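# Breakdown of the fold
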Amino acid sequence: MKRSDLRARIADACQDTSMVFFSQAEINASIDEAMEVIAEHTGAIRRTAFSLIREGANFYFLNSIATDIMYPYRIWNEHRNQRLQTTSIIELDSLSRLWLDTSGDPDRWFPVSWDYFGIYPHPAAAGGVLRIDYIAWPRDLLDDDDDIELPESLSDAPLSYGVYEGQAREWHDQGVAQWWAMFLAQLGQTKAKTGINRVQQSDLRRRN
Amino acid sequence: MSQTTVKDELDEIQNRLHDQGAIWTRAELLRWYNDGYGALVADSGAVRRFYTFSVPPRFAAAGSFIWEERHGGGTFRKFMKSALGGNIECSYEWEVEFLEGATPTNSDPFVTQLWELEYAGGAIDDHYRFYLPKSHERILRVAWDDKRMFGSSDKEIDWTGSKWWQREGEPAFWLRGLDRDKTFEVYDIQTAYGQNYFLDGDGFGLARRLSGTRSYSASSSYRSNDYAYWTPADIGTFLQGVGWRFTKHDSVTDFDCMYQWEVDMLAGNTLTDSPTVFMYYWEAEILGSEIPTFPVGAPRAISSPDRQYLPMAYDTGELAQLGAARDFGSTKDAISLLETIISTRDLEEDDSPALIPVRMYKYLRFYVWALAFGRTGEGQRPALAKHYRERFNQGVALLKLLGDLTHRDRDYQRSDLPIEGIAPMRRPRLPATYPRIEY
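To keep things clear, this report deals only with the structure shown in the data block. Everything quoted here is computed from the prediction, not taken from an experiment.

### So, the overall build of chain A
Helix and strand content of chain A: five helices and eight strands. Whereas a compact globule of 208 residues would reach a radius of gyration of roughly 17 Å, chain A reaches 22 Å, over 25% beyond that. Taking the principal axes of its C-alpha atoms as reference, chain A extends roughly 65 × 50 × 30 Å. Residue pairs at least 24 apart in sequence account for 69% of intrachain contacts in chain A once pairs closer than 6 positions are excluded.

### Regarding the overall build of chain B
A count of helices and strands for chain B gives ten helices and 16 strands. In chain B, of all internal contacts separated by at least 6 residues, the share reaching a separation of at least 24 is 61%.

### As for the interface of chain A and chain B
At the junction of the two partners, chain A supplies 40 residues and chain B supplies 37 residues. Of all the secondary-structure elements, those providing two or more residues to the side of chain A that touches chain B are α2 (24-42), β3 (69-77), α3 (89-95), β6 (108-113) and α5 (173-194) of chain A. Broken down by class, the residue content of the side of chain A that touches chain B amounts to 23 nonpolar, six polar and eleven charged.

### Description of the sheet that holds strand β7 (residues 116-120) of chain A
All names here are of chain A. Judged by pairing direction, the sheet is mixed, and its four strands sit side by side in the order β2-β7-β6-β5 without closing on themselves. Each having just a single partner strand, β2 (59-61) and β5 (85-86) make up the two edges of the open sheet. For β2 and β7, the ladder comprises three bridges, and the chain directions are antiparallel. Its bridge partner being in β7, F61 is matched across the sheet by Y116.

### Considering the sheet that holds strand β7 (residues 136-144) of chain B
All names here are of chain B. The four strands lie next to each other as β1-β16-β7-β8, forming an open sheet whose pairing is antiparallel. Both edges of this open sheet fall to β1 (48-53) and β8 (147-148), since each of them pairs with a single strand only. Bridge count for β7 against β8 is two bridges, and the pairing is antiparallel. Bridging from a neighbouring strand, A143 pairs with R148 of β8.

### Focus on unusual backbone geometry
That bond from A:Y120 to A:P121 is cis: its omega, -15 degrees, falls within 30 degrees of zero. Inspection of the secondary structure puts A:P121 in the loop between β7 and β8 (129-136). Here the amide bond leading from B:Y187 into B:D188 is cis, since omega sits at 5 degrees, within 30 degrees of zero. Relative to the assigned elements, B:D188 resides in the loop between β11 (183-187) and β12 (227-229).

### What to know about the packing of helix α1 (residues 6-17) of chain B against helix α2 (residues 26-44) of chain B
Residue and element names in this part refer to chain B. Contact pair α1 / α2: the axes reach a minimum separation of 11 Å and the direction vectors enclose 115 degrees. Between α1 and α2, the interaxial angle falls into the category roughly perpendicular. Crossing hand, α1 versus α2: right-handed. Judged by residue contacts, V6, E9, L10 and I13 of α1 engage R26, L29, L30 and Y33 from α2.

### Section: the environment of B:T340
Residues and elements named next belong to chain B. Here T340 lies in strand β16 (residues 335-341). It is 12 Å that separates the C-alpha atoms of T340 and K400, two residues lying 60 residues apart in sequence. When sequence neighbours within four positions are dropped, the list of residues in contact with T340 reads G45, V47, R48, E137, R138 and L140.

### Some points on the nonpolar core
In a soluble, globular protein the nonpolar side chains are often hidden away together inside. Residue and element names in this part refer to chain B. One finds Y33, Y367, V368 and L399 to be the most contacted residues of the largest nonpolar core, which totals 93 residues. With eleven residues, helix α9 (residues 361-374) is the largest single contributor of residues to this core. If we skip the residues at most four places from it in the chain, Y33 touches V6, E9, L10, L347, L364 and V368.

### A short note on the environment of B:T183
Residues and elements named next belong to chain B. Along the polypeptide, T183 turns up in strand β11. Residues T183 and R129, 54 residues apart in the sequence, show an inter-C-alpha distance of 6.5 Å. Once residues within four sequence positions are removed from consideration, T183 is found in contact with R129, F130, Y131, L132 and G177.

### Remarks on the packing of helix α4 (residues 156-169) of chain A against α5(A)
Each pair of packed helices gets described by two things: the angle between the helix axes and the distance between those axes. All names here are of chain A. It is the contact of α4 with α5, at a shortest axis distance of 8 Å, that shows an interaxial angle of 160 degrees. Relative to α5, the element α4 lies roughly antiparallel. By crossing handedness, the relation of α4 to α5 is classed as left-handed. Facing D156, A157, S160, Y161, V163, Y164, Q167 and A168 of α4, the residues of α5 in contact are G175, V176, W179, W180, M182, F183, Q186, L187 and T190. Split into classes, the residues belonging to the contact of α4 with α5 amount to eleven nonpolar, five polar and one charged.

Quick notes on the rules
- Residues numbered from 1 in each chain as written.
- Chains lettered and ligands numbered in written order.
- Predicted model: local features only at pLDDT ≥ 70, side-chain atom pairs only at ≥ 80, totals over all residues.
- Helix = DSSP H or I, 4+ residues; strand = E, 2+ residues; numbered from the N terminus.
- Rg over C-alpha atoms; globule rule 2.2 N^0.38 Å.
- Contact = placed C-beta atoms within 7 Å.
- Nonpolar A, V, L, I, M, F, W, Y, C, P; charged D, E, K, R; others polar.
- Pairing = 2+ DSSP bridges.
- Axes fitted to C-alpha atoms, helices over the stretch in contact; angles between N-to-C directions.
- Parallel < 35°, antiparallel > 145°, perpendicular 65-115°, else oblique.
- Left-handed = near helix turned anticlockwise from the far one by under 90°.
- Core = buried A, V, L, I, M, F, W, Y, C linked by C-beta atoms within 7 Å.
- Buried ≥ 20, exposed ≤ 12 C-beta atoms within 10 Å, placed from the backbone.

Here is the structure:
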């Protein structure tokens, strides 16, 4: 659904078709925010980035990989055709007291902070690429013809969020509660349709 | 999404409140915004940074009485010990014995600053205590020379029956400490003075050059200066862009010299051979020799095949992530800490809450709206306050989740704890009748 269509439907539902109380810019911002909240709850937006393996580097900052990265869910060493296993600092400490000094082809990755992660071991020389599949924040819609990044059947969720925002601007307690509840219900549906329900039913049958 | 400032966020908050400061003042909203920022960062524990300490521990000021801290500024160590019900402050044990009428005995050395251990000629009767930075929230890992140290407690170690805080050796244990908050202790202790990086002339802005036992070289993609100049007086309104000063100032004679031999001559010394002086990078084509790079500006990145130089942003000011390196640390022969942090100071309107993802700024708005709608008086909306509080809490939960970046990729399974190798080392406990052992 295009932004202009979604905006018109939100204005209709708020009984503010002229967009006097809930301006066009404010509705546009609420659509962008709705997509953020949906992405945060469902992890529905997935993208891929490449990052050069740097000499001596154990730690990689997310903002040096991609501007829209929320968190990686798969890291692949292109050079070795190998998925990096997840580990943790405490596990590495029990593996080797000198793990930070160990060099070699990276085969594990571990969390440190929300904005950077580590790999083990660190490469002694630069070269090779990490393929990083990640859950992304959505991009802001650029213009009225821009489409939201969701299946067409799920456009009700940002619609509900937009109306919820309109109710919040009016300090309408009951309206806020009602539309927020509706949005949460649609969020569950969105999570299912962009996740497990994307897989064909036949693949999930009980094995005899 | 571009980075917005607190000002933009407060405008949006006021817009929702339909108030331009009559009911909720701008200053009040800013305070709540800062409260929300602190709560989000602290409660999630998702902002983690490395921090290094050279040994022995350093602190900004030391005093005899605790009230002196008010005037010390920065980290403060009370180096004397109270006696006679707090009426007297003593340096040595024998002072107490003397004051109480007992026969004085020899006492351990005493120091004001712990780096004096280098010169104390032996262990002192005080704890080896490190002072945590202002941004510190929680310790996650302590290491010596990159090797993890084991967490312990004074009660556990006291069973060894010795003055463990005096034992010299490789630091292996850390403990919360017996003294003031925001400190921790380590043992065994290192008494030799260590300093990995020293900021020479730190009153003169940013670091321009690195030197030491390691080899450093600079490279710059910007290799061409716009003009060359002799003295600062040459820089006028007609000269624009990047300038390169090709002279050296001799402070004794107040002359500006091109060559080293000129400086030598002015000082009456033997003339030394001086390298060719260049004004522009393109002169290399004429001279047929390579001209050293003209590094322009401050260092933006440091790399090495042997180790990683990791930028760590602790502050949260305007475009904090784009700044320059203000301090340097190393884990080599030093104590390093992985810690959760909070912002070191309150945000101003021109700042950005740079310690959290840009997309999560909205949760700070929710926090402010929760407090605004919850405040007694005009504009109170308890239901909205409760709703926004719940939404803020969702933000805390989300940021906590993001703190574990591998959560989606990790397959959890039950494991036996404690993990082998990280538990405190067991020590033998001898019967009370056993002769005392001094290390």
